[in-house]
Amino acid sequence: MSDDLRYVGKSYPVHDVAQKVTGELIYGSDLNFPGMLYAKLLLSPIAHGMVRSVDSSRAEALPGVLKVFSHLNSPADTYCRARLYPGQECAIDETLFSEHVRFVGDRVAAVVAISQAIAEAAVALIEVDYEELPALLTTKQALERSDVLIHADGNLLFEMQIESGERPDISGAVLVSSTTATPRVHHAALEPHVCVAQGHSTGGMTVWTTSQGAYGVRTVIADLLGLEYHKVRVIKAPMGGSFGGKTEFIVEPVTAFLAHETRRTVKLLFDREECIRATMVRPATETTIRTACAPDGQLLELEATTTLDSGGYASSTPDYADHMCKKVTKLYRLPHYDHRCQVVYTNTPVAGAARGWGAPEMITAVEIHLAKVAKRLRIDPVELRLKNLVQPFDIDPVTDMSLGDARVAECLERGAAAFDWTARRARATGKGRYRRGVGVACGAHKNGQFGSFAEASNMALKMNEDGTFELSASLHEPGCGVVTVMKIIVAEVLGVHPDLIAASEADTSATPFDYGTFGSRMTYVVGACAQATATELKASILAAAAEILETPLEELVAREGVVYVAGDERRSVAFRDIARLSHMKHVPAIQAATTYYATSNPGSYSVQFAEVEVDCATGLTAVTDFLAVGDVGRAINRGMVKAQFQGAVQMGIGYALYEHVDVDEAGRSGVDGFKNYHMVNAPDMPDIDVLIVEHEGDDGPFGAKSVGEVAMVPTAAAVVNAVNNALGTELSDLPLIPDRIIAALAANEGGEA
Amino acid sequence: MELLLKVNGTAWEISARPTARLIDVLRNQMGLTGTKEGCGEGECGACTVIVDGKAVNSCVMLAVQALGKEVLTVEGLAASGELDTLQQKFVEQGAVQCGFCTPGMLMSAKALLMANPLPSDQDIRKALAGNLCRCTGYKTIVAAVRAASGQETAAMEVPAEKEELLADLSVPGLAAPAPDVDAAGPASAPPRREGGE
């Protein structure tokens, strides 16, 4: 590792930490404007049906109500909530308000009123008559009932198959199959979804969004409302978490429409129940895997079929499925791989983007499966994986791209040693009420979108006359330190402290185009853009210094905000003076604007180890110890890299043990708030250790790779494998709620008797 | 009805319905938007404020219930303009990510430290049990509260190269970077693992 880095690799708080600990930061949900109106949505109470009539007369008669909107007085144009740029291929199946309601929570109508309380009271006065249609609540039902169409083109939204390699000779091989179900999960960002939109009398508008992609919000709104792009200004407001749940444009189009219609400022702030029912969930998936492997544990082939429940609308689920089919070969060497995937509409909450984008779903299935294979072969799970993991610079047979400096095997070896895996695994699980077990799982993810579309970012950087810098970039800080990472990278290149650099968040009228803050593209792609932009700016600083100092460029060195003449350091000029002189004396301008194109997309990796204690009387599982190992290339902000793993493990434990948004036979979820949606709290969290593996063999800034998503990819499987190790079970229906554990124990005992 | 409330040491006379929640009066009438609403049913703790020394969820408390009592919100922590120790430790330990839970976390932790100046890790986790965080996994938050109680642990040790860095950065106006919070495990944990890097 190169140790000459000054700022990269140290630990820094998030850039706006001071405003956050004092409570002064104005989040999207805190925004208020003079004369602001409040919107409240009427959501469908039924899972499937047609709106026969909407009577808003009583609601509109309520003093303080401006207007009620429904499909009767709004555009019938469809849009895609996940579209990033015009012309992008995506499933366009959503309208502002539905005549055909497709899940409990579908948008039926909206009230605009002068206060939140009046808007809420008015919504209750809208009378809607529905004609109910059969509700198809599982992918199986939806595929079987071709007589009931959720969307006109059929309930099978998307299907694909990916195959690589040749079908091998599997005579003498050990065949194992398993089916894993992963649940529909609420993202549960602490701040609810919110949008504030200001309709201008000129026809333009300003929108404050807590989205992860302001430019996508802009084009979807502008296209839907028939506005020119330069008249729609979308500003990213401070947001209280996302985890993918705010990636797609859910509250923005409807709020923009209401503001445009009223030419006023309209705020739409969801409550928690609305967030759960009417935004988006992590998709429920079911994956069946069959592997053939040699008796020594060498994998010969892996065949998988996945069904993904898209819910009432497509959102991004076809792409999600595509990614699910491209995960396994990032992790394991497979002579033959065959994956078929179906995405199916159902009358359940809309599914879409979620942290890990298909990887937690697919890798959970694979890693639970491999635990079963190890058990069959009586091979240690670590040993089994070491025989099959990819190695640095392997070519992914599915994407035909290099996996880069993939150090997952090293993560596994170092992690196993640190966790004392062999000794812990050999320890008895116990036969009494409390049983202990350990589990391991590996995970892979990507670095941006290269290979899918023209992955690039744009930035501009300027130096102020006092030697400070401003990076103009369309960043969207979700809370994980995106802005800080860019500051550190620019600081390292320029040789000045990160505190001397400001980096902007997205404002479509002011900051350069970028797709958004998602897809594990921030550090690897956008960070590389920051590095390239800063490198260019540094060159112009030196060029100006050369003129000022009347010295050839190659004789100059820059250090800590000063340019010196090498060998004669009495001759120097400070950055701030260069900036000042560049304005006054027209020495070359100090500016840089760069487009950076990604040319690679290596794997990021994590290997995780869990120890659990299961209470066989109650079925409750406690995670008692946890180690997360990450191959992140290089840690730009070391403290935050570790914090990403700590938070991701928390989310993954919930995915494994607690969290699920189930629906009843009417398609309605019993989950209507945090009171019946259990998340891991402070007493339930184990003490997580994090081990970072750094090799810097890839193209990211200073060798860095993605962290935030891969960090949660293997967590659930590690926990599930530990539970199965403790109990001798083969549980694979997530989450492992007490009922399922008790039922499995009962079945085991029945089997043994 | 007219309400006389004392918030962050200042007396407020405000007009509110008898059914008004404390959080709405704080946020909408006093402009104290540091208090956040994440669930509206007392489950997530983002709205935690301190009333007469006790941490309460202001989304399930009526404003009238605070009559004659001292209310402390996150805005009252740095009343003198300087961050108090707890806020400072949240900054140093990297205990803040999206920050939406932070005000509530701070107020629950503050109430704990007011009642129990030297809490154990278990005490801290218990006191924060009603405050959900979706970003951090709580480790840095617990470390920050422990540090604020003056209980220095291994986790707070600044590695040698950090000391140099801090010395180098003694430029006025430049904040020092936070120490590496995971330089070593907490002192109470058994030393069962080799170091990370």
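Calculation criteria
Residues numbered from 1 in each chain as written. Chains lettered and ligands numbered in written order. Predicted model: local features only at pLDDT ≥ 70, side-chain atom pairs only at ≥ 80, totals over all residues. Helix = DSSP H or I, 4+ residues; strand = E, 2+ residues; numbered from the N terminus. Buried ≥ 20, exposed ≤ 12 C-beta atoms within 10 Å, placed from the backbone. Contact = placed C-beta atoms within 7 Å. Nonpolar A, V, L, I, M, F, W, Y, C, P; charged D, E, K, R; others polar. Domains from an automatic or database assignment. Arc of directions from axis to C-beta. Core = buried A, V, L, I, M, F, W, Y, C linked by C-beta atoms within 7 Å. Pairing = 2+ DSSP bridges. Axes fitted to C-alpha atoms, helices over the stretch in contact; angles between N-to-C directions. pLDDT = per-residue confidence, 0-100.

Let's shift gears to the overall build of chain B. Scanning chain B for helices and strands turns up 6 helices and 5 strands. Sequence-ordered secondary structure for chain B, helices as α and strands as β, is β-β-α-β-β-β-α-α-α-α-α. Within chain B, buried positions represent 49% of all 197 residues. In chain B, the proportion of contacts linking residues at least 24 apart, taken out of those at least 6 apart, comes to 58%.

Our next topic: the interface of chain A and chain B. In this complex, chain A contributes 57 residues to the contact, which on the side of chain B involves 56 residues. Listed by contribution, the elements that provide at least two residues to the side of chain A that touches chain B are α1 (17-22), α17 (638-657) and β30 (688-694) of chain A. It is α17 of chain A that contributes the most residues to the side of chain A that touches chain B, 9 residues altogether. Tallied by class, residues from the side of chain A that touches chain B come to 29 nonpolar, 13 polar and 15 charged.

Turning our attention to the domain arrangement of chain A. Residues and elements named next belong to chain A. As assigned here, chain A comprises domain 1 (17-23 + 451-597), domain 2 (31-133 + 193-269) and domain 3 (281-447 + 600-752). Its C-alpha centre places domain 1 at a distance of 38 Å from the equivalent point of domain 3. Each partner contributes residues to the interface: domain 1 has 17 residues there, and domain 3 has 23 residues. For the side of domain 1 that touches domain 3, the secondary structure elements donating two or more residues are α14 (482-494) and α15 (522-549). Broken down by element, the residue count for the side of domain 1 that touches domain 3 peaks at 6 residues, all from α15.

A few words on the environment of A545 of chain A. Residue and element names in this part refer to chain A. You can see A545 is positioned in helix α15. On the basis of neighbour count, A545 is assigned to the buried category, with 27 C-beta atoms found within 10 Å. With 48 residues separating them in the primary sequence, A545 and A593 have C-alpha atoms 20 Å apart. Ignoring sequence-local partners within four residues, the contact set of A545 consists of L556, V563, V573 and I578.

Turning to helix α16 (residues 575-584) of chain A, a few remarks are in order. All names here are of chain A. Among the residues of α16, those classed as buried are F575, I578, A579 and S582. Buried residues of α16, seen end-on, are gathered within an arc of 100° and therefore sit on one face of the element. Looking at the buried residues of α16, the elements they touch are β21 (456-463), α15, β25 (562-565) and β26 (568-574).

Let us now look at the nonpolar core. All names here are of chain A. By size, the foremost hydrophobic cluster in this structure holds 301 residues, and its most contacted members are V111, V408, M486, V490 and V719. No other element matches α15, which puts 15 residues into this core. If we ignore the near neighbours within four places in the chain, the residues touching M486 are L471, A473, L475, A503, G527 and A530.

With that settled, the discussion passes to the sheet that holds strand β8 (residues 174-182) of chain A. Residue and element names in this part refer to chain A. Pairing is mixed in the open sheet, where 5 strands are placed in the order β7-β17-β16-β15-β8. Each end of this open sheet is capped by a strand with a single partner; those strands are β7 (156-165) and β8. Recorded for the sheet is a direction-independent mean angle of 10° between the axes of neighbouring strands. Its contacts with the sheet place helix α10 (residues 359-377) against β8 and β15 (284-293), and it is angled at close to 145° to β8.

To continue, consider the domain arrangement of chain B. Residue and element names in this part refer to chain B. Partitioning chain B into structural domains gives domain 1 (2-76) and domain 2 (85-168). In this assembly, 15 residues from domain 1 lie in contact with 13 residues from domain 2. Secondary structure elements with two or more residues in the side of domain 1 that touches domain 2: β3 (48-51) and β4 (54-57). For the side of domain 1 that touches domain 2, the element with the highest residue contribution is β3, accounting for 3 residues. Split by residue class, the side of domain 1 that touches domain 2 holds 7 nonpolar, 6 polar and 2 charged.

Attention shifts here to the sheet that holds β30 of chain A. All names here are of chain A. Spatial strand order, β20-β28-β29-β30: 4 strands in an open sheet with mixed pairing. The sheet is open, and its two edges are formed by β20 (434-445) and β30, each paired on a single side. Pairs of neighbouring strands in the sheet enclose a mean axial angle of 15°, with direction left out of account. Note that β20 and strand β28 (residues 604-615) share 12 bridges and pair antiparallel. Each residue of the ladder has a partner; that of G443, found in β28, is S606.

Turning our attention to the environment of S164 of chain A. With respect to the helices, strands and loops of the structure, S164 of chain A is situated in strand β7. Excluding residues that lie within four positions of it along the chain, S164 of chain A makes contacts with T329, Y337, P397 and V398 of chain A.

Now for unusual backbone geometry. Most peptide bonds take the trans form, and the phi angle of most residues other than glycine is negative. Residues and elements named next belong to chain A. The step from L734 to P735 runs through a cis peptide bond, and the omega angle for that step is -5°. Note that P735 resides in the loop between α18 (715-727) and α19 (738-752). Notably, A188 is not glycine yet its phi reads approximately 60°, a positive angle. For A188, a count of 22 C-beta atoms within 10 Å puts it in the buried group.

In this section: the confidence of the model for chain B. All names here are of chain B. A residue-level look at chain B finds 77% of positions with pLDDT of 70 or above and a mean pLDDT of 83. Scored below 50 in pLDDT, residues 154-197 shows 66 contacts in the model against residues more than four places distant or in partner chains. Of the two predicted TM-score estimates for the complex, the pTM is 0.94 and the ipTM is 0.96.

Our next topic: the pairing of β15 of chain A. All names here are of chain A. When you tally the buried positions in β15, you get 8 out of 10 residues, the bulk of the element. Examined bridge by bridge, β8 and β15 share 9 bridges and lie antiparallel to one another. Residue pairing across strands places T180 opposite T287, the latter belonging to β15. Where β15 and strand β16 (residues 299-311) come together, 10 bridges link them in antiparallel fashion. Each residue of the ladder has a partner; that of A292, found in β16, is E301.

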